[in-house]
Amino acid sequence: MFKKIIIYFSIFLLIFTNSVISNNTFKTLESYYYILAFGIDYEDSKYKLTIQILEPSPSTSSSSEEKPVLYSKSGSSFEECINNLEKSLSRKINLSHTSTIFLSKQLLKEKNINEIISSLGNNTELRNNTFILISNSSSESALKTISNTNETFTPKIYQKIIDSSFDVAHNNICTFGTLFKSVKNNNTPILIPLFEIIDENNYFINSLALINNDKYISSISTLEHSYFQLLTNSIIKENINFINPNDSNEYINLDMEKYKNTSTKIDFINSSPFIRIKIYPKFIIKSSGEHYNYLSNDNIKSLEENLNKYLKENITNFLYTTYMINNSDLLNISKKFKLQVLTLENYNSYKIDKLYQNTIFKVDVYSQIISSALFNKQ
């Protein structure tokens, strides 16, 4: 009798286990939408969430070909938008495979980014390495533009899009984890790739959005970002066109790198920061006007002097715009300020955000032309 009970119990347990496994498999395959990307906008005093998923294309019999489909719903919070989407779609939304999050520029002008990121951070499915992009127009428009391209859609589509931006600019890659850390760490300034729409089928990423104090502040151009990279010793290579000092109607095309680390020294003059910066860029001439003599030392020296003047003026303007107009410590100079004062009380008495308004920058540039297509400098 006891053996029969054991046998019956074993059979019941086996049937129950198989049933649980089957139900879980069913839920995984049929009851969830796995989101490829989503965007958040702010319209009519409400958040608008647009999700992008991949569904089998009806135009082909191949189950491997999928097309992007968008769904949108509004709500008073991110969580309410998710709930409204789940009600209308009759499926649960899963964000564990989300590749990219779009935040519209307008959203970041009107709403506190800390509130948005905190709400997103409450969702445990989101991964820290999810990409962040700022859309110059609405996030929904950005997702529509990407969906309208003739790209073959795979889960790696956004990795390709962001990688391609490095062909035209040395853009930062910003992830959800990086943005979350910035927002929670006294809102340190952060640069995020800016997605700009050309038309309904085309787009480009060749500038960056400056986010500071919970808001979108301004955009940073490709060239300005190269200045930032020179200042932070992170430049790899940047191509620039420079007016030929010997012929104002012609341009010289150069690759700019660094040959020595930028030095930054901070002093105080009447309680105002005096920041001396020395930058050491090196250049390789790629092409020039037909009248330019590459082999002339005088011409090379003249070009170096003109590059020094050009970079000094533009980098100084970039620094004053960043600190005095945008009030953004993009170079993290405040940490260096702490080393100049004796106590934390003294540091706090400076009211660091107002201190930027009184900062004086002295920039010196020491350019070096090291080679061209026709010579190597000895």
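A.B. asks: Honestly, the overall build of the protein in this entry has me stumped. Any pointers?
C.D. replies: When its secondary structure is counted, the protein shows 12 helices and 15 strands. Per-residue burial for the protein yields a buried fraction of 44% across its 378 residues. Within the protein, contacts between residues at least 6 apart in sequence are counted, and of these 66% link residues at least 24 apart.

A.B. asks: Looking at this structure, I do not really get helix H4 (residues 113–121). What am I missing?
C.D. replies: Side chains three or four residues apart in an α-helix point the same way, a direct result of the helix having 3.6 residues per turn. Burial in H4 covers these residues: Ile113, Ile116, Ile117, Ser119 and Leu120. Along the long axis of H4, the arc covered by the buried residues comes to 160°, so they all point the same way.

A.B. asks: Mind showing me how you'd approach the sheet that holds strand S8 (residues 190–199) here?
C.D. replies: Consider a sheet: its strands pair through backbone hydrogen bonds, and that pairing is either parallel or antiparallel. Strand order in the open sheet formed by eight strands is S4-S3-S2-S6-S7-S8-S9-S10, with mixed pairing between adjacent strands. The outermost strands of the open sheet, each flanked by one partner alone, are strand S4 (66–75) and strand S10 (215–220). Direction aside, neighbouring strands of the sheet carry axes that sit 30° apart on average. Looking at chain direction, strand S9 (residues 202–212) and S10 are connected through five bridges and run antiparallel. Looking at S10, one finds that Leu208 is bridged to Ile220.

A.B. asks: Which parts of the structure should I look at to understand the packing of aromatic side chains?
C.D. replies: Given two aromatic rings, their pairing is described by the distance between the two centres and the angle made by the two planes. Applying the stated criterion to the full structure yields 13 aromatic pairs. Here the aromatic cluster, defined as three or more aromatic residues joined through ring pairs, consists of Phe102, Tyr158, Phe195 and Tyr203. Lying across the ring of Tyr33, Arg91 places its NZ or CZ 4.5 Å from the centre. One Lys or Arg, Lys260, reaches over the ring of Tyr280 and ends 4.5 Å from the middle of that ring.

A.B. asks: What am I meant to see in the pairing of strand S3 (residues 46–56) here?
C.D. replies: For a regular strand, side-chain orientation follows a simple rule: the groups alternate between the two sheet faces. Burial analysis of S3 places eight of its 11 residues in the buried class, the great majority of the element. Examined bridge by bridge, strand S2 (residues 37–43) and S3 share seven bridges and lie antiparallel to one another. Looking across to S3, one finds that Gly39 is bridged to Thr50. Counted along the chain from S2 to the antiparallel partner S3, the turn is two residues long, and its residue Asp44 has a positive phi close to 50°. The sheet contact formed by S3 and S4 spans 10 bridges and is antiparallel.

The rules behind the values
Residues numbered from 1 in each chain as written. Predicted model: local features only at pLDDT ≥ 70, side-chain atom pairs only at ≥ 80, totals over all residues. Heavy atoms only, no water. Helix = DSSP H or I, 4+ residues; strand = E, 2+ residues; numbered from the N terminus. Buried < 20%, exposed > 50% of the residue type's maximum accessible area, 1.4 Å probe, protein only. Contact = heavy atoms within 4.5 Å. Arc of directions from axis to C-beta. Pairing = 2+ DSSP bridges. Axes fitted to C-alpha atoms, helices over the stretch in contact; angles between N-to-C directions. Phe/Tyr/Trp six-rings, centres within 6.5 Å; stacked < 30°, edge-to-face > 60°. Lys NZ or Arg CZ within 6 Å of the ring centre and 35° of its normal.

All quantities given are derived from atomic positions and should not be read as evidence of function.
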